[in-house]
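Analysis of the macromolecular model
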Amino acid sequence: MTKGIKNIPKRFIAVQFLILSLISSCTPTINRQAADKQKAPATTELTISAAASMQDVLTDIEDLYTQQHSQVKIALNFGSSGSLENQIEQGAPIDIFISAAPKQMNDLETKKLLLAKTRQDLVENQMVLIVPPDNQSIINFADLAKESTKQIALGEPTSVPAGQYAEEILTNLNIIDAVRPKSVYGKDVRQVLSYVETGNVDAGIVYRTDAESSKQVKIVATALPKSHSPIIYPVAVIKDSKHPQAAQQMLQFLFSPKAQAIFKQYGFVSMNNKQ
């Protein structure tokens, strides 16, 4: 046996020694990488369902928040407040809800689907009358009743708060009966905006924030506050949220000076500082 070992080439022994050395040196690195992976904070995924009129502003706020909280991933889900309310009632995995009117939030609160003591009023908005840039015949809400005005885009009033506010305005001006036969209804306020942008209708009633986001429409009139219910956007954490603590931290950030500055940039009015 001794003779056999002596006959093994020295080069073979050197190679075996090198392999053993490499394995020995790599083992601490592998163990350290595994330990670091275990120590790394897990990513928390939050889903925010919000009224379609919040699409642009929340995208910017999301970018800012995730830059400061790298362990949080946010999924934004936009639609009409009514359709989003229905999703929550049917058990959709939503963490935070922002509606464009108190009604939808009231419904969820009555059904005990909100996390207690998290509901707050976030911002306010305004309703405006918009037309394509080349339209010169419509300069105020009263013009919607004229025979020359053929089609008017409104949000579907049963599910879109903007449509509900629009009907209140038209009722207050006593022109609702004249406008209704000419109405083209959108599934959310962004669709109403699109109808006017493409020139498929003569006019539309949308939120100021949506109108100001587009260069393809012009604002010709602003509804008086007394002509409709206050346009308040309430926010709350959903009771069945899988990440209630992270959701409440995100909700708190929405009221921070940095986030409120972005809301103001997009035309929303802070509930704490109406300017």
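Residue positions within a chain follow its written sequence, with the count starting from 1. Given that the model is predicted, a residue must reach a pLDDT of at least 70 before its local features are reported, and side-chain atom pairs must reach 80 or more before they are shown or counted; all residues, however, enter totals for whole chains, interfaces and linings. Processing note: side-chain calculations cover all non-hydrogen atoms of the structure and skip hydrogens and water entirely.

**Let's talk about the overall build of the protein**
So the rule is basically this: Helical segments are the DSSP runs of H or I of at least four residues, strand segments are the runs of E of at least two, and each set is numbered from the N terminus. The classification of residues rests on relative accessible area computed with a 1.4 Å probe and restricted to protein chains. Under 20% of the type maximum is buried, over 50% is exposed, and intermediate values are partly exposed. Only heavy atoms matter for contacts: two residues are in contact if any of them lie within 4.5 Å across the pair. All accessibility values rest on the Shrake-Rupley procedure with a 1.4 Å probe; residue burial counts only the protein chains present in the view.
Check the secondary structure of the protein and you find 11 helices and 11 strands. Counting across all 275 residues of the protein, residues that qualify as buried make up 44%. Long-range contacts, defined here as pairs at least 24 residues apart, represent 77% of the contacts in the protein between residues at least 6 apart. Here the protein has roughly 15100 Å² of accessible surface; of this, 53% comes from carbon and sulfur atoms.

**What to know about the pairing of strand β1 (residues 44-51)**
Stated formally: The pairing criterion for strands is at least two bridges between them, as found by DSSP. For crossovers, right-handed means that the path from the first strand over the helix to the second runs clockwise, given strands pointing away from the viewer.
Among the 8 residues in β1, 7 count as buried, and that is most of the element. Where β1 meets strand β2 (residues 72-79), 8 bridges bridge the pair, whose relative direction is parallel. When the sheet's bridge partners are listed, Ile 48 is paired in β2 with Leu 76. Crossover connection from β1 via helix α3 (residues 55-68) to parallel β2: handedness right-handed. In terms of strand pairing, β1 meets strand β3 (residues 96-98) through 3 bridges, oriented parallel. Each residue of the ladder has a partner; that of Ser 49, found in β3, is Phe 97.

**Section: the pattern of salt bridges**
Opposite charge on two side chains makes pairing possible when the charged atoms of those side chains draw close. This is how it is decided: Salt bridge, as used here, is a side-chain nitrogen of Lys or Arg placed within 4 Å of a carboxyl oxygen of Asp or Glu.
Tallied over the full model, the rule gives 9 salt bridges. Note that Lys 146 and Asp 143 form a salt bridge whose closest N and O atoms lie 2.9 Å from each other. Its relative accessible area of 41% is what places Lys 146 among the partly exposed residues. For Asp 143, a relative accessible area of 5% corresponds to the buried category.

**Some points on the packing of aromatic side chains**
To be explicit about the condition: We call Phe, Tyr and Trp rings a pair once their centres come within 6.5 Å, taking the six-membered ring for Trp, and we label the pair stacked below 30 degrees between planes, edge-to-face above 60, and tilted otherwise.
The tally for this structure, following the rule as stated, stands at 5 aromatic pairs. Through a chain of ring-to-ring contacts, the aromatic side chains of Tyr 165, Tyr 207, Tyr 233, Phe 263 and Phe 268 assemble into a single cluster.

These figures capture arrangement, not role.
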